[in-house]
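# Survey of secondary and tertiary structure
This is what each chain is made of:
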Amino acid sequence: MTPNENNTQSNINELSPHSGTRYWGEVQVIEEGESYRISRLEIKPRHGIKPQIHYHRNEHWVVVSGVAKVTCGEKEILLNRNESTYVPAATLHKVENPGQIPLIILEIQNGEYLGEDDTERPYDLNLVKPVAEGQ
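Residues numbered from 1 in each chain as written. Predicted model: local features only at pLDDT ≥ 70, side-chain atom pairs only at ≥ 80, totals over all residues. Heavy atoms only, no water.

Labelled according to an unreviewed UniProt entry, the protein chain appears under the name Mannose-6-phosphate isomerase type II, originating from Nostoc commune NIES-4072.

Structure representation (structure tokens):
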């Protein structure tokens with residue numbers, strides 16, 4: 001097999017605009033297709049991804065290293081290495097790293113639309129209201 005034959009998976013997109021550094025850690029897109037994206041998330045200790053909703057995609061999260069504190073709808077769970085969870089579309093969700101080591105998650109997004117403009121945050125939706133002074 002020649003080196004170029006190894007690259008027959010043209011879906012692999014190391015330069016994806018979805019890859020990069022975030023306030024909570026790093027995202028590396030491993031592979032993308034028309035209706036899916038596979039990413040490696042590394043979340044710093046004591047950091048997390050803010051609550052969000054996607055209407056056109058589901059997500060599967062598999063913990064590779066560390067401990068994940070996952071909130072999905074009204075349910076909160078802790079996931080250890082080699083455990084996973086499913087986040088259905090139109091469900092408020094977040095993930096946090098309560099531990100002392102980096103949390104590494106493989107995220108599989110699957111849906112009819114994967115654009116970042118399909119991400120809404122609770123404050124945007126008025127689902128979470130700031131506490132008024134004096135209350």
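## Describing the overall build of the protein chain
Of the regular secondary structure elements, the protein chain holds one helix and eleven strands. Buried positions account for 33% of the 135 residues belonging to the protein chain. Within the protein chain, counting contacts between residues at least 6 apart in sequence, those at least 24 apart form 63% of the total. (Helix = DSSP H or I, 4+ residues; strand = E, 2+ residues; numbered from the N terminus. Buried < 20%, exposed > 50% of the residue type's maximum accessible area, 1.4 Å probe, protein only. Contact = heavy atoms within 4.5 Å.)

## Description of the side chain of Glu31
Position of Glu31 among the secondary structure elements: in strand 2 (residues 25-32). At 11 Å, Arg37 is the nearest oppositely charged side chain to Glu31, a buried residue that forms no salt bridge. A polar contact of 2.7 Å, which involves the side chain of Glu31, links it to the side chain of Tyr36. (Lys, Arg positive; Asp, Glu negative; His and termini not counted. Salt bridge = Lys/Arg side-chain N within 4 Å of Asp/Glu carboxyl O. Polar contact = N/O pair within 3.5 Å; in protein donor to acceptor, adjacent residues only side chain to side chain.)

## What about the confidence of the model for the protein chain?
Confidence in the prediction of the protein chain, expressed as mean pLDDT, is 85, and 78% of residues score 70 or more. In the model, residues 1-14 has pLDDT below 50 throughout and makes eleven contacts with residues more than four positions away in sequence or in other chains. (pLDDT = per-residue confidence, 0-100.)

## Notes on the packing of aromatic side chains
With the rule as written, the count across this model stands at zero aromatic pairs. One residue, Lys50, lies across the ring of Tyr23, its end atom 5.3 Å from the ring centre. (Phe/Tyr/Trp six-rings, centres within 6.5 Å; stacked < 30°, edge-to-face > 60°. Lys NZ or Arg CZ within 6 Å of the ring centre and 35° of its normal.)

## Some points on the pairing of strand 8 (residues 84-87)
In regular strands, side chains alternate between the two faces of the sheet. The side-chain alternation of strand 8 yields one buried face, formed by Thr85 and Val87, and one unburied face, formed by Ser84 and Tyr86. Of the strand pairs in this sheet, strand 5 (residues 57-65) and strand 8 are connected by four bridges, and their pairing is antiparallel. In the sheet register, Trp61 faces strand 8, and the bridge partner there is Thr85. (Pairing = 2+ DSSP bridges.)

## Thoughts on the sheet that holds strand 11 (residues 119-120)
Here we have five strands laid out as an open sheet, ordered 7-6-9-4-11, and antiparallel in their pairing. The open sheet is flanked by strand 7 (75-79) and strand 11, the only strands paired with a single partner. One ladder, built from two bridges, connects strand 4 (residues 48-54) with strand 11; its direction is antiparallel. Note that in strand 11 the partner of Ile53 across the bridge is Glu120.

## A look at the sheet that holds strand 10 (residues 103-111)
If you trace the six strands from one edge of the open sheet to the other, you get 1-2-3-10-5-8, paired in antiparallel fashion. Each of the sheet's edge strands pairs with one partner strand only, and the pair in question is strand 1 (20-22) and strand 8. Taken over all neighbouring pairs, the strand axes of this sheet differ in orientation by 25° on average, direction set aside. With eight bridges joining them, strand 3 (residues 36-43) and strand 10 adopt antiparallel strand pairing. Residue pairing in the sheet places Glu42 in a bridge with Ile104 of strand 10. (Axes fitted to C-alpha atoms, helices over the stretch in contact; angles between N-to-C directions.)

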